[in-house]
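Commentary on secondary and tertiary structure
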Amino acid sequence: MMEHLRPTEYQKNEMLEKAFSGIIKKPKRSFRLKYCIIAATAVLLFSGTTVFADEIKAVFYNLLGKNELVSEDVLNEVYSDDDGHVKITVKEFLSDRINSYAIIEYTALDDKGKKWIDKALIVENMDAMTQHMNYPDMFPNFKDNNTALYGVNYNHGAEELIEYHTENSRVFKVVCLASGGDFGTNSMKLLYNLPDKWKTEATIDISESVQITDIEIDNSLAPDKYYKPLGIRISPLSLLIYGEDLGIVESGVNQSGNWYQKIVHDENIDSLYLIMKDGKKYNILDYSLDDSSIMLNSTAMLTHVSNPEVEHDIIIYTSAFEEPIDLELIDGIELDGVYYPIDNNELQ
């Protein structure tokens, strides 16, 4: 039995607007995934004009590396392709496998390419009387394409950066926010269209980008619940708490020989705080109107993990920081009333 929990259109707009635009003073809404067994996607596309190939110049945007905490982790010019009419280049890429960001540039190479770019990468579907935007897309590269074992939940989308328009180029920021990084590979998939090359997939190696630290925790004081925390994964981009499922999801092989999963007990996180060394205490489950959270309002909680290559089987909580964070400022977390320290000596 598969359960896919999808956000409302309002929640999707709020979530990815935050990811694309940084800190925006708007009411927060949480996108919360619970007990999701296989990758569930929510595609969000944004709308987005434009001399010629002989005037093409290499441009260094430095959009993802402005924050010095991750500037050395940005991968530059990692992929390029063209069909003779339009060239696509992955100018910048930043990822810790959980949360990924890319700056992608389209450049016209001839008249056909310029016309295609001038139409805002939109294809008209006359039968349905609708228009479909061909913006680039990004998602985890699941091992063996097996989402039953290696699936993670993720939200993804693209926004055109209007301020970087030229007559022959367009620039996009592409985001993929995942519930975890246990999808079996160290790479992301890029999906894009060109005038004469449709539904092209490229694999982007992210192993040399942001490194995430895995910290085991002492759970001897954890309360009696249907999950038990085992560790924390943290990077300047993400915070993830993983653990052991003690009865939320049941899985096995049925009488017909088919593998199954079903939810047998409901459970909730009672409280979760991020504790800073300066004494500040952030309630990272609270998406109230005071805009006090330092996390993006894209949150996955109590999501099942089927990956046979890891020892945990549940993601208790995961989210992205609104801005890259200095890990040395964090003292620990408080989950369900129990404090778990984050030792600076363990941080990379």
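Keep in mind the model is a prediction, meaning the values are calculated, not measured.

**Observations regarding the nonpolar core**
- The biggest cluster of nonpolar side chains holds 33 residues, and the ones touching the most others in it are Ile269, Leu274 and Tyr317.
- Of all hydrophobic cores here, the second largest spans 31 residues; its members include Val90, Ala108, Val174 and Tyr192.

**Overview of the confidence of the model for the chain**
- Summing up the model confidence of the chain, the mean pLDDT is 82 and the portion of residues at 70 or higher is 76%.
- Ignoring residues within four places in sequence, the model shows residues 1–31, a span with pLDDT below 50, making 89 contacts including any to other chains.
- Across residues 35–54 the pLDDT falls below 50, and counting only partners more than four positions away or on other chains, this stretch makes 89 contacts in the model.

**Regarding the packing of aromatic side chains**
- For the structure on display, the rule yields seven aromatic pairs.
- Relative to tyrosine 154, the ring of phenylalanine 142 has its centre 6.1 Å away and its plane inclined at 50 degrees; by these criteria the two rings are tilted. Within this pair, whereas phenylalanine 142 is found in the loop between β8 (137–140) and α3 (147–150), its partner tyrosine 154 is found in strand β9 (residues 154–160), the two being separated by twelve residues in sequence. As far as burial versus exposure is concerned, phenylalanine 142 and tyrosine 154 are alike and both buried.
- Note on phenylalanine 142 and phenylalanine 183: the rings are 6.3 Å apart at their centroids and 80 degrees apart in plane angle, and the pair reads as edge-to-face. Taken as a pair, phenylalanine 142 in the loop between β8 and α3 and phenylalanine 183 in the loop between β10 (169–178) and β11 (187–194) lie far apart in primary sequence, 41 residues in all.
- Members of the aromatic cluster, each reached through a chain of ring pairs, are Tyr106, Trp116, Tyr135 and Phe172.
- Directly above the aromatic system of phenylalanine 183 lies the positively charged group of arginine 97, at a separation of 5.6 Å from the ring centroid.
- A cation sits over an aromatic face here: arginine 233 above tyrosine 242, 5.1 Å from the ring centre.

Rules behind the numbers
- Residues numbered from 1 in each chain as written.
- Predicted model: local features only at pLDDT ≥ 70, side-chain atom pairs only at ≥ 80, totals over all residues.
- Heavy atoms only, no water.
- Core = buried A, V, L, I, M, F, W, Y, C linked by side-chain atoms within 4.5 Å.
- Buried < 20%, exposed > 50% of the residue type's maximum accessible area, 1.4 Å probe, protein only.
- pLDDT = per-residue confidence, 0-100.
- Contact = heavy atoms within 4.5 Å.
- Phe/Tyr/Trp six-rings, centres within 6.5 Å; stacked < 30°, edge-to-face > 60°.
- Helix = DSSP H or I, 4+ residues; strand = E, 2+ residues; numbered from the N terminus.
- Lys NZ or Arg CZ within 6 Å of the ring centre and 35° of its normal.

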